[in-house]
Each structure stands twice: as structure tokens, then as C-alpha cells.
Amino acid sequence: LNYTAIYSEKETGPLKGADLSLDNSWGIAAHVGFDVQLKKDWLFAVDMRWINLDSQARVNGANVGTVHVDPLVYGIAIGHKF
């Protein structure tokens, strides 16, 4: 389950100067990945996440539709266990 708080919207192009607002979003998310232990206290991690992120958009108070973002995020990390 994912909750995204949307803030600091910025307009460009023909909407520049308009009052754009996007609602916060609840949606499902998927996460897969794996860790490989390199040494006793060190690990290498790879993961991928997909997030269902849909938000209602308003321009100058008028509802103009739904924004579908749905990002696919990749990650690589090296970690140390304490």
C-alpha cells in the first residue's frame, strides 16, 4: 500500500501562472529485490518498485482530469550491518 503526499506543484507552458493543484494519492505498490552478503557485515542490494500513483488535477479550481504517474523505480545499494 502506498500513500503519496503531493506538494509544490509548478506550472510551465500555457498553464504558467495558473493555480494548479494535485490531490494526494493512495494506491498499491509492488517491490521485488535481493541482497547478496559480501562479507560478514557488508551486503549488496538490488531492487525494483512499481507504484500506482493517480491524482486528480485542478486548474484554477476546475477539475481537469486524472494524472497517472505510475513510476518504476530501480535501486542499487551497498549496506553495512551494525
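Numbers given to residues run from 1 along each chain, matching the order in which its sequence is written. The predicted nature of this model means local features are confined to residues of pLDDT at least 70 and side-chain atom pairs, given and counted, to a pLDDT of 80 or more, with totals for whole chains, interfaces and linings taken over all residues. Only hydrogens and water are removed before side-chain values are computed, so all heavy atoms of the structure are retained for them.

Of the regular secondary structure elements, the protein holds zero helices and eight strands. Strands are runs of DSSP state E lasting at least two residues, helices are runs of H or I lasting at least four, and both sets are numbered from the N terminus onward. Listed N to C, the secondary structure of the protein is β-β-β-β-β-β-β-β in terms of helices and strands. Restricting the calculation to C-alpha atoms gives the radius of gyration, and the globule rule supplies 2.2 Å times the number of residues raised to the power 0.38. Its C-alpha radius of gyration of 19 Å places the protein more than 25% over the 12 Å reference for a compact globule of 82 residues. Buried residues in the protein amount to 20% of all 82 residues. The classification of residues rests on relative accessible area computed with a 1.4 Å probe and restricted to protein chains. Under 20% of the type maximum is buried, over 50% is exposed, and intermediate values are partly exposed.

A separate point is the sheet that holds strand E7 (residues 62–68). Here we have three strands laid out as an open sheet, ordered E2-E6-E7, and antiparallel in their pairing. The open sheet terminates on both sides in strands that have one partner only, identified here as strand E2 (20–22) and E7. With strand direction ignored, the average angle separating the axes of adjacent strands in the sheet is 25°. Any two strands are treated as partners once DSSP identifies two or more bridges connecting them. As judged from the six bridges shared by strand E6 (residues 54–59) and E7, these two strands associate in the antiparallel manner. The residue bridging Ser55 from the neighbouring strand is Val67, located in E7. A fitted line through C-alpha atoms represents every axis, and for helices the fit uses only the stretch in contact; the resulting angles, taken between N-to-C directions, go from 0 to 180 degrees.

One non-glycine residue, Ser8, lies in positive phi territory at about 60°. Relative to the helices and strands, Ser8 is located in the loop between strand E1 (2–4) and E2. At Asp70, a position not held by glycine, the phi torsion is positive, near 45°. Following the sequence through the fold, Asp70 ends up in the loop between E7 and strand E8 (72–80).

You can see Asp47 is positioned in strand E5 (residues 42–51). Only heavy atoms enter the contact rule, under which two residues are in contact if any of them lie within 4.5 Å. Residues within four places of Asp47 in sequence aside, it is in contact with His31, Val32, Gly33, Val73, Tyr74 and Gly75.

Time to look at the pairing of E5. Where strand E4 (residues 29–37) meets E5, nine bridges bridge the pair, whose relative direction is antiparallel. If you follow Val32 over to E5, its bridge partner there is Met48. Linking E4 back to E5 in an antiparallel pair, the connection comprises four residues.

Purely geometric stuff here, so don't read any function into it on its own.
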